[in-house]
Amino acid sequence: MGAETAFAPPQILAWEVSRRCPLNCRHCRMGDEREGELTLEECLEIAKSPGFTPKMVIFTGGESPAPCDTEAYFSSRAPDYVIAADAGVATLERYNAHFGADFFRPQAILGDMDSLSDTSLLQQYPQHIVQTFVQDKDYTDTELALAKAHQVAAERGQTETHI
């Protein structure tokens, strides 16, 4: 009992930056509840924990921080696996416009694409990384992206996932 337990730094950090999504999708679980959200500064402080370097980043739709607000964090922590879920492709494009076209190179793009206002964005990516789902499904696009992240982590032999 009194012995301290050492924890390995997280390999996957799922960070829903905001519940202020303007899309109002019929299947979304977000609702209007905003109380208790962390500030951007609090989220970045948590993500700066010793030893943590993100291996994967998932871009989703909705309101996200401005790329310049995350520059100090990502400048020393480039991910090696990037997933974009539905309207997250537009968010990915915003971040790549700021950080450079190849900084966040997606290995997987998935979702039903019902929230992606400009589907022509998909044409610039290899079709083998784009997986389109039907709109009437049991999971949100973010849940599909998290499942993909877990799958990739398992394939890499990572036995722990922190969300």
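Structure first, text after, so check above.
Residues numbered from 1 in each chain as written. Predicted model: local features only at pLDDT ≥ 70, side-chain atom pairs only at ≥ 80, totals over all residues. Heavy atoms only, no water.

Caption draft 1: Seen up close, the overall build of the chain. Of regular secondary structure, the chain possesses four helices and four strands. Within the chain, buried positions represent 36% of all 163 residues. About 9900 Å² of surface is accessible on the chain, with carbon and sulfur atoms providing 50% of the total. (Helix = DSSP H or I, 4+ residues; strand = E, 2+ residues; numbered from the N terminus. Buried < 20%, exposed > 50% of the residue type's maximum accessible area, 1.4 Å probe, protein only. Areas by Shrake-Rupley, 256 points an atom, 1.4 Å probe, with all protein chains shown as cover.)

Caption draft 2: Molecular detail of the side chain of S115. Turning to its location among the elements, S115 is positioned in the loop between β3 (108-111) and β4 (130-132). On the basis of relative accessibility, which here comes to 18%, the residue S115 falls in the buried class.

Caption draft 3: A look at the sheet that holds β3. One open sheet accounts for four strands, arranged β1-β2-β3-β4; its pairing is parallel. Whereas interior strands pair on both sides, the edge strands pair on one side only; in this sheet they are β1 (56-59) and β4. Neighbouring strand axes in the sheet, compared pairwise and without regard to direction, differ in orientation by 15 degrees on average. As paired elements, strand β2 (residues 81-85) and β3 share three bridges and run parallel to each other. (Pairing = 2+ DSSP bridges. Axes fitted to C-alpha atoms, helices over the stretch in contact; angles between N-to-C directions.)

Caption draft 4: Representation of the packing of aromatic side chains in the model. Inspection of every chain in the model, using the stated rule, returns nine aromatic pairs. Plain terms: the ring middles of F74 and F104 are 5.1 Å apart, the flat faces sit at 90 degrees to each other, and that makes the pair edge-to-face. With a gap of 30 residues between them, F74 in helix α2 (residues 71-74) and F104 in the loop between α3 (88-99) and β3 connect regions that are remote in the sequence. Taken individually, F74 and F104 each receive the classification buried, so the pair is uniform in this respect. Between F103 and F104 the ring centres are 4.8 Å apart and the planes differ by 75 degrees, which places this aromatic pair in the edge-to-face class. Among the aromatic side chains, those forming a connected cluster through ring pairs are F59, F74, Y95, F99, F103 and F104. (Phe/Tyr/Trp six-rings, centres within 6.5 Å; stacked < 30°, edge-to-face > 60°.)

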